[in-house]
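# A closer look at the structure
Given next are the chains, with one letter for each unit.
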Amino acid sequence: MAQIKADEISQILREQIANYDSKVKVDEVGTIISLGDGIARLHGLDKVMAGELLSFPHGIAGLAMSLEEDQVGCVLLGDYTELSEGDEVKRTGKILSVPVGEAMIGRVVNALAAPIDGKGPIATTDFLPVERLAPGIVDRQGVREPMATGIKAIDSMIPIGRGQRELIIGDRQTGKTAVVLDTIINSAKNDLICIYCAIGQKRSSIAQVVQTLTEAGAMGHTIIVAASASEPAPLLYLAPYAATALGEFFRDSGRHALVIYDDLSKHAMAYREISLLLRRPPGREAYPGDVFYLHSRLLERSSKMSDKNGGGSLTALPIVETQAGDVSAYIPTNVISITDGQIFLETDLFNSGVRPAVNVGLSVSRVGFSAAIKAVKQVGSTLKLDLAQYRELAAFAQFGSDLDPLTQKQLSRGSRLTELLKQPQFQPLTWQQQVIILFAGTQGYLDQFQVSDIRAFEDGLYSYLSSAQSALVDDLSKAKQLTDDIKKRLHDALKEYSENFKASLSDKAKS
């Protein structure tokens, strides 16, 4: 019988202990078993987490999305053509995070928040995960502060509050992006950080947005997150979550931010593409079953925080594009049910020259006037009623029957109010200007003028107010409501201005 020496036993044990480490690490490294269309299937990553960042050769990153029994489905964030089957993949142990902070303001970044504007690296050390749980019920409070867009038709009838989620919905080319750009330009004086997230748009369109905001001096409070149509689907899928993380930094530090998703229809399409490539079962319209959760977990992160948590807010303006005005399609109904109201932009109105083309009948804000300044509520509530009556009567008047004087008066008032709600692009108004011009409209000061003269009446009124009636505007700003004294002074000012305007019109007619 062979003798086993003690030193041999210790030698074998030492070798076993030396090799022990390499066996443990086998589940931290895997290999690519198949590759294509921006999707990699991996073998060997037993302990990988859903949403974990994976490291591929050539500095390419991936995101683990499908965890199956024998393999892992992973989407690739970058140019996957350099990879090949059999390449090694490493776990990073990190969830995908993006850099956040003050230094991001004024920059154009991609879906991973890396700068793409040629202005050098962004000096920030703060990072936030792309996917985060939304704040709980106890951590929030009701929406109560206005988030002014500077657009009369929206601020007076469909007011948006800080921390609200208001959907902007309409066909293509109805001015959806124009509405949000006006809001960004108007937000400079309202202490609001704006994040504009472009999903699946042409690069030329994104460049146009950057140019417009730069010319308007609005880039000083704006971050642009761009995932253009030429980028792979995983980056389009991540862009809105990264944009929300940028906004959450400001919300959690007690500030106010606004995030715009332009648009979520393309976001859902990118997610559908990824899901089908990962072989997930398709549902209605070939979208995966969790497409509702895709948007609900994104939009629920926008909230008004309680005072105990700093009182900051993150407002969301998601945009959804409809096909031929079909609001009952899958993605539009999903997003309508998640948001606190919608602004419906109509092609027919847009083509007939009513711009912004807001359909007041179908648009609603579920927060309502609880977030509006009292003076805006006082003029806006009567305005909505007047316009609703006008729309009803206008439908009857088309039959050409004889109309009684009261109906004729309502029709002429309605046509003037409709004209009054038109507004040139990139010219947002202060709430004081909106209150005074809408007060003039609802109190009948425009009834004596032709519809074609209303634009000139409005422009002249603003310069008259700033020069001759600055004390009245200051008092209105302090009171924030139409007291009896302010109403009386407004009537006097509007009478005086109307007389002057009428005289200038007759002078023009004579000359």
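Everything in this summary refers to the structure shown in the same document. Source: prediction; values computed, not measured. (Residues numbered from 1 in each chain as written. Predicted model: local features only at pLDDT ≥ 70, side-chain atom pairs only at ≥ 80, totals over all residues. Heavy atoms only, no water.)

This brings us to the sheet that holds strand β8 (residues 108-109). An order of β8-β12-β11-β13-β14-β10-β15-β16 is seen for the 8 strands of this open sheet, with the pairing classed as mixed. Single-partner strands in this sheet number two, and they are β8 and β16 (364-365). Of the strand pairs in this sheet, β8 and strand β12 (residues 222-227) are connected by 2 bridges, and their pairing is parallel. Note on β12: the bridge partner recorded for Val 109 is Val 225. (Pairing = 2+ DSSP bridges. Helix = DSSP H or I, 4+ residues; strand = E, 2+ residues; numbered from the N terminus.)

To continue, consider the environment of Pro 240. With respect to the helices, strands and loops of the structure, Pro 240 is situated in helix α5 (residues 233-252). Look at Pro 240 and you get buried, because its relative accessible area is 0%. Here the alpha-carbon distance between Pro 240 and Asp 404, two residues 164 residues apart in the chain, equals 54 Å. If sequence neighbours within four positions are ignored, Pro 240 has contacts with Cys 197, Ile 199, Tyr 261, His 267 and Leu 298. (Buried < 20%, exposed > 50% of the residue type's maximum accessible area, 1.4 Å probe, protein only. Contact = heavy atoms within 4.5 Å.)

Turning our eyes to something else, we now look at the pairing of strand β6 (residues 88-95). Two elements, strand β1 (residues 29-36) and β6, share 3 bridges in a ladder whose sense is antiparallel. Looking at β6, one finds that Gly 30 is bridged to Val 89. With 3 bridges connecting them, strand β3 (residues 52-55) and β6 associate as antiparallel partners. In the sheet register, Glu 52 faces β6, and the bridge partner there is Ile 95.

For Glu 52, the location among the structural elements is in strand β3. Accessibility expressed as a relative area gives 0% for Glu 52, which makes it buried. Only 3.0 Å separates the side chain of Glu 52 from the side chain of Arg 91, close enough to count as a polar contact. Of the polar contacts made by the side chain of Glu 52, one reaches the backbone nitrogen of Thr 92; its length is 3.4 Å. (Polar contact = N/O pair within 3.5 Å; in protein donor to acceptor, adjacent residues only side chain to side chain.)

Worth remembering: the numbers are spatial, not functional.
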